[in-house]
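# Structural characterization, general
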Amino acid sequence: MESGKRTFVRTLVAVVVVVAAFSAGAFAQAPPVKIGLLATLEGPFAAGGQDSMRGAELAVRQRNGVVAGRKIEIIKASSDAKPDVAVNATRKLVEQDKVDIMVGPLSGSEGIAVKEYSKTQPSITFINGSSGAQATTLVNPSPNFFRFNTDGGQWMVGVGKAALDKGYKKVMVIAEDYAFPYSQVQGFMTEYCKLGGKVPVKAWVPLGGKDYASVIARIPKDVDALAVVLGGADAVNFLNQYEQAGGDKPIIGGSITVSQDILNYKGKRRESLVGTIAGSPIADAYEAPEFKAFVADYKKNFPDGYPSPSLFALVYYINMKATLDGLDIVKGDLSDGQKKYRDALAKMTLKTPVGDVKLDGNRQAIGTTFVTEVVKDSQGNLYNRVLKKIDNVNQTLGVPPSEFKIGSRDEPNCP
Amino acid sequence: MSAANWRRAINVQNPRPLPTSSQASARVAREAGVGRFSFENPVRARHVLVLAFLLAYPWFASPFFTYQIGAQALALGLIALSLTFLGGYGGMISLAQMTVAGIAGYMVAIFGTAATDGVTLGWPWWLAVLLGIVIATGAATFIGWLSVRTEGIYTIMITLAVGVAFYYLVLQNYTVFNGFQGEQKVFPPTLAGMYWRDATPFYYLALFWALAGYLFVVYLVRTPFGIALQGIRDNPRRMHALGFNVTAHRVAAYAVAGAIAAVGGVLFTWYNGLVTPGSVGTHWLINIFVIAVLGGMRHPVGAFLGAIVFVLLQNFAIDVIDRERFNLVIGAVFLAIVLFSRDGLLGWWTALSARLSTQRGATTWKAARGRLYAR
């Protein structure tokens with residue numbers, strides 16, 4: 001009896017050891033792939049940051065959380081649109097949480113700072129979130145930083161011509177004073193100035209500014225329209241104050257000026273937004289089946305989200321999809337300092353809800369831009385109609401790279 | 001001022017006779033003018049242990065813990081130390097300490113090198129750093145001169161106003177400060193074959209200055225100037241009647257605190273590699289205050305304790321709780337610390353050691369000294 005008991009115990013131990021060894025072996029074959037995800041969950045873009053997380057999550061859910069046989073493990077971090085905070089959060093994900101791939105950040109100045117940081121971590125691949133400053137990939141690009149979304153300048157292509165078609169020969173620019181709006185104004189003015197438009201005054205206002213009285217007072221009588229590149233609460237504040245001041249000039253919007261959240265604000269001025277043209281990588285009413293499927297999937301997965309995915313959700317979705325598609329191509333192989341993976345990313349043609357995207361030599365997307373116009377539907381809701389779709393917009397906006405000057409406060413200039 | 005003056009000042013503060021022979025002898029030694037540099041507290045085992053830990057830290061911690069936790073906490077602690085000195089020993093709460101630090105950072109960028117559209121003169125780094133610290137100290141003296149005639153809440157208001165004014169200045173000025181984008185790529189130099197922004201060298205750089213600042217404050221508060229400052233904190237009228245120039249002492253305290261904050265500001269700018277209006281916004285003005293209160297203002301070490309807790313929370317709160325609510329954890333911990341301890345983490349430490357020593361049946365003077373120390 002005694003020996004039988006001992007045998008039983010021994011067998012049990014053996015079984016446990018064997019099972020443990022097998023499961024460990026199985027685990028070692030396909031460890032999860034760790035992806036860091038950074039967006040602004042605090043600060044002026046907190047709402048956009050939340051929606052961007054939804055977009056990135058959607059790309060993961062569409063693959064049921066598995067890529068090339070490896071489980072996808074997402075580790076999230078937050079910033080508040082300040083570059084130093086973004087770098088600290090990224091550093092934590094890379095050096096402490098040891099992610100394999102990093103996706104983010106959201107805002108323009110953050111993107112430049114994270115790109116600089118990526119140079120110190122050559123064995124990790126960085127993929128942009130939705131930051132859209134030109135300088136990120138145009139000035140001192142980093143070999144391991146990829147951006148599968150077009151930038152703020154590319155988003156505004158076609159708007160200059162549309163403005164002239166509407167008869168706006170002279171416009172005043174009102175924009176926030178940092179890298180992303182510089183790019184947006186550059187994208188608009190490059191074309192607009194070339195075709196003969198004039199911009200006599202540019203007003204640069206601080207991000208998060210509340211009082212626009214002094215700007216409104218400076219609007220010249222003889223301009224035909226205002227090009228307003230403000231985001232979030234800034235845009236709503238400006239529109240309200242302009243309305244109260246009795247302003248009636250038509251508006252040309254930046255990519256985040258006439259997005260869904262602003263179109264749905266309550267105010268008399270809202271009516272006059274009808275007819276506003278803008279440039280954007282997303283158009284609510286784009287009819288392509290891929291885009292409609294994307295919107296339906298977003299609504300199904302996130303009942304608490306917006307009625308229609310925001311720009312941030314789409315762009316984070318695109319970048320996360322690129323991350324995962326790249327992993328699929330190399331079958332989850334991240335060995336050799338992720339060399340194979342990066343080659344695959346650089347070469348691949350990414351299918352997105354708004355058309356195909358390819359990368360240029362600086363690992364910057366060449367893709368589609370929409371010129372949109374605000375219209376009113378039968379229920380009185382405002383939405384963005386597609387006025388024009390422009391494919392294959394490159395970062396230098398068709399200008400030869402040697403002549404292209406990066407957007408700044410004084411560039412371009414056509415008073 | 002004469003030695004007799006400050007001795008009288010102490011006697012007015014603490015009229016009871018000192019109870020132990022060791023303290024009496026220390027006092028005799030001090031009165032005789034010897035051993036000025038010897039601290040009232042002898043070097044104890046725990047000091048050696050902490051120092052050994054700090055020195056060995058980069059050898060066992062990962063680069064992330066060395067740089068982002070260790071070095072950042074030391075740099076922030078140094079800035080908070082300036083407030084601990086002002087508030088704990090001078091009785092003046094200034095919210096403008098981060099402004100002073102930011103001025104130093106901006107000056108380093110402007111006189112030295114930075115990637116910016118604004119002004120950078122490209123002078124050698126040591127000159128830029130020196131100028132940065134001197135100008136920031138001057139600015140701190142000016143802030144002090146403005147605010148010393150006020151008390152309590154009015155000091156807080158006036159320093160907050162100065163801080164916010166500086167924030168808007170750098171936000172809206174493009175010719176010098178480069179507006180919203182600020183000064184980017186402000187890095188420490190490569191010296192002696194080492195790039196001083198790498199994790200380990202930067203950690204030791206920060207540690208050196210943090211220790212220097214700490215020891216300087218510990219020393220300073222025991223000098224005649226420090227004692228007089230504490231006298232002014234407790235009873236400015238009496239100190240005035242004794243012939244001390246209250247205003248001059250307070251302005252000097254601002255200048256000293258300014259120099260400490262300036263060194264911390266240079267380190268923090270190098271740590272981030274940039275200085276922007278966001279670095280001197282109200283958010284950071286208040287963060288420095290939070291760090292100082294969190295650690296406890298009664299002793300210089302509190303600033304560093306507070307900084308460690310602050311940095312750890314900033315980095316790891318998001319792992320503890322749902323991503324959208326992690327600021328709640330940070331707030332709750334801050335609240336718990338200040339709610340259950342009158343003097344931050346140091347208050348807990350004192351309570352703990354007092355309890356332990358009474359349990360061990362130690363003489364009561366130890367507890368009494370703890371209280372004395374707490375003043």
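The rules behind each value
Per chain, residues are indexed from 1 in the order of the written sequence. All chains are assigned letters beginning at A, and all ligands numbers beginning at 1, according to the order in which they are written. Note on the predicted model: pLDDT of at least 70 is required for a residue's local features to be given, and 80 or more for side-chain atom pairs to be given and counted; whole-chain, interface and lining totals, by contrast, use all residues. Remark: hydrogens and water are excluded; side-chain values derive from all non-hydrogen atoms of the structure. Secondary structure elements follow DSSP: runs of H or I of four or more residues count as helices, runs of E of two or more count as strands, with numbering from the N terminus. The contact criterion used is simple: two residues touch if any of their non-hydrogen atoms lie within 4.5 Å. Residue burial considers only the protein chains on display, and all accessible areas are found by Shrake-Rupley using a 1.4 Å probe. Within these notes, the globule rule equals 2.2 Å times the number of residues to the 0.38 power, and the radius of gyration is based on C-alpha atoms. Each residue's exposure class comes from its accessible area (1.4 Å probe, protein chains only) as a fraction of the maximum for that residue type: buried when under 20%, exposed when over 50%, partly exposed otherwise. Counted as positive: Lys and Arg. Counted as negative: Asp and Glu, with His and the chain ends omitted from the count. We put the charge of a Lys on NZ, of an Arg on CZ, of an Asp on CG and of a Glu on CD. Note on pairing: DSSP must find at least two bridges between two strands before they are called paired. Segmentation of the chain into domains, including their bounds, is taken from an automatic or database domain assignment. Values labelled buried area give the accessible surface lost by two parts on being combined, using a 1.4 Å probe and summing over both. The rule is simple: put a 1 Å grid over the protein atoms alone, call a set of points where a 1.4 Å probe fits but cannot get out a cavity, call an open set with protein on both sides within 12 Å along at least five of seven lines a pocket, and count a residue as lining if it has an atom within 4 Å of a point. Grid points are joined across faces, edges and corners, and a volume is the space filled by probe spheres set on the points. Under the grouping applied here, Gly and all other residues not named as nonpolar or charged are polar, the nonpolar ones being Ala, Val, Leu, Ile, Met, Phe, Trp, Tyr, Cys and Pro and the charged ones Asp, Glu, Lys and Arg. Put simply, a salt bridge is a Lys or Arg side-chain nitrogen that is within 4 Å of an Asp or Glu carboxyl oxygen. Whenever two N or O atoms come within 3.5 Å, that pair is a polar contact, provided that in protein one can donate a hydrogen and the other can accept it, and provided that, for residues adjacent in sequence, both atoms are side-chain atoms. Grouping into patches uses exposed residues only, defined as over 30% relative accessible area, and leaves out salt-bridged ones; the cut-off is 9 Å for like charges and 5 Å for nonpolar side chains (Val, Leu, Ile, Met, Phe, Trp, Tyr). Two rings belonging to Phe, Tyr or Trp (six-membered ring only in the last case) form a pair when the distance between their centres is within 6.5 Å. Interplanar angles under 30 degrees mark stacking, angles over 60 mark edge-to-face geometry, and anything in between is tilted. We count a charge as sitting over a ring when the NZ of a lysine or the CZ of an arginine lies within 6 Å of the ring centre and within 35 degrees of the ring normal.

Turning to the overall build of chain B, a few remarks are in order. Counting secondary structure elements, chain B contains 16 helices and 4 strands. By sequence separation, contacts in chain B at least 24 residues apart represent 76% of the contacts at least 6 residues apart. By element, 68% of the accessible surface of chain B is carried by carbon and sulfur atoms, the whole surface being about 17,500 Å².

With that settled, consider the overall build of chain A. Within chain A, the regular secondary structure consists of 14 helices and 15 strands. Over its C-alpha atoms chain A spans a radius of gyration of 24 Å, differing by no more than 12% from the 22 Å that the globule rule assigns to 415 residues. By principal-axis analysis of the C-alpha atoms, chain A measures approximately 105 × 50 × 35 Å. The proportion of buried residues among the 415 residues of chain A is 58%. Residue pairs at least 24 apart in sequence account for 74% of intrachain contacts in chain A once pairs closer than 6 positions are excluded. Total accessible area on chain A is roughly 16,500 Å²; 56% of this is exposed by carbon and sulfur atoms. Averaging the coordinates of the 50 positive side-chain charges in chain A and doing the same for the 43 negative ones gives two points 3 Å apart.

This part is about the sheet that holds strand S6 (residues 145-146) of chain A. All names here are of chain A. Strand order in this open sheet of 6 strands is S2-S3-S1-S4-S5-S6, and the pairing throughout is mixed. Edge positions in the open sheet fall to strand S2 (66-67) and S6, since each of these has one partner strand only. Taken together, the 2 bridges between S2 and strand S3 (residues 70-79) define a ladder with antiparallel strand orientation. Following the sheet pairing, Val67 is matched in S3 by Arg70.

Right, let's get into the pairing of strand S14 (residues 365-376) of chain A. Residue and element names in this part refer to chain A. Along S14, 10 of the 12 residues are buried, which leaves the element largely enclosed by surrounding structure. Pairing of strand S11 (residues 277-280) with S14 involves 4 bridges; the strand directions are antiparallel. Within S14, the position partnered with Ser280 by the bridge is Phe370. Bridging between strand S13 (residues 355-359) and S14 involves 2 bridges; their strand directions are antiparallel. Across the sheet, residue Lys358 finds its bridge partner in S14, namely Ile366.

You'll often see interface size given as the accessible area lost when the parts meet. Residue and element names in this part refer to chain A. Under the domain assignment used here, chain A contains domain 1 (33-149 + 288-367) and domain 2 (154-285 + 369-403). Here the C-alpha centroids of domain 1 and domain 2 sit 26 Å apart. At the junction of the two partners, domain 1 supplies 27 residues and domain 2 supplies 23 residues. For the pairing of domain 1 and domain 2, the buried interface totals around 2,100 Å² over both sides, and the portion due to carbon and sulfur atoms is 63%.

Quick look at empty space enclosed by the protein now. Residue and element names in this part refer to chain A. One pass over the full model with this rule turns up 4 cavities of 30 Å³ or more. Lining the largest cavity are 15 residues; nearest its centre among them are Ser259, Ser280, Ile282, Asp284 and Asn384. It is S11 that contributes the most residues to the lining of the largest cavity, 3 residues altogether. For the lining of the largest cavity, a count of residues per class yields 5 nonpolar, 9 polar and 1 charged. When residues of the lining of the largest cavity are assigned to domains, at least three fall in each of domain 1 (33-149 + 288-367) and domain 2 (154-285 + 369-403). Surrounding the second largest cavity, 15 residues form its lining, Thr150, Pro281, Ile318, Val354 and Thr368 being those nearest its centre. Along the lines of polarity and charge, the residues of the lining of the second largest cavity split into 8 nonpolar, 6 polar and 1 charged.

Further remarks concern the interface of chain B and chain A. On the side of chain A, 28 residues touch chain B, which itself brings 28 residues to the contact. Taking both partners together, chain B and chain A bury about 2,400 Å²; carbon and sulfur atoms supply 54% of that area. The interface formed by chain B and chain A holds 2 salt bridges in total. As a salt-bridge pair, B:Asp319 and A:Lys92 come within 3.0 Å of each other at their nearest N and O atoms. Our enumeration of links across chain B and chain A arrives at 9 residue pairs in polar contact (both at pLDDT 80 or more). Those elements giving two or more residues to the side of chain B that touches chain A turn out to be helix H4 (63-90), helix H7 (152-172), helix H11 (246-272), helix H13 (301-320) and helix H14 (326-340) of chain B. In terms of residue count, the dominant contributor to the side of chain B that touches chain A is H4(B) (6 residues).

Residues and elements named next belong to chain B. On the surface, Leu335, Val338, Leu339, Phe340 and Trp348 cluster together into a nonpolar patch covering about 550 Å² of accessible area. Considering each element in turn, the nonpolar patch owes the most residues, 4 residues, to H14. Its location among the elements puts Leu339 in helix H14.

This brings us to the packing of aromatic side chains. Counted under the stated rule, the structure contains 36 aromatic pairs over all chains. Ring geometry for B:Phe310 against B:Phe334: centres 6.3 Å apart, planes inclined by 10°, an arrangement best described as stacked. Taken as a pair, B:Phe310 in helix H13 and B:Phe334 in helix H14 lie far apart in primary sequence, 24 residues in all. Accessibility assignment for this pair places B:Phe310 and B:Phe334 in one class, buried. Through a chain of ring-to-ring contacts, the aromatic side chains of B:Tyr67, B:Phe202, B:Phe268, B:Tyr271, B:Trp284, B:Phe310 and B:Phe334 assemble into a single cluster. The ring of B:Tyr174 carries the charged tip of A:Arg409 above its face, separated from the ring centre by 3.3 Å.

Attention now moves to unusual backbone geometry. Residues and elements named next belong to chain A. In this chain, Gly104 is followed by Pro105 through a cis amide linkage whose omega measures 0°. Tracing the backbone through its elements, the reader meets Pro105 in the loop between strand S4 (101-103) and helix H4 (108-118). Each neighbour pair has its own omega, and for Glu411 with Pro412 the value is -5°, a cis peptide bond. Of note, Pro412 is situated in the segment after strand S15 (382-393). One non-glycine residue with positive phi stands out, namely Arg363, at about 60°. By the element assignment, Arg363 lies in the loop between S13 and S14. Overall, Arg363 belongs to the buried group, its relative accessible area being 15%.

Right, let's get into the side chain of A:Gln184. All names here are of chain A. Inspection of the secondary structure assignment puts Gln184 in helix H7 (residues 179-194). Given the relative accessible area of 0%, Gln184 is considered buried. Leaving out residues up to four positions away in the same chain, Gln184 has contacts with Gly152, Gly153, Trp155, Met156, Val229, Gly254, Ser255 and Ile256.

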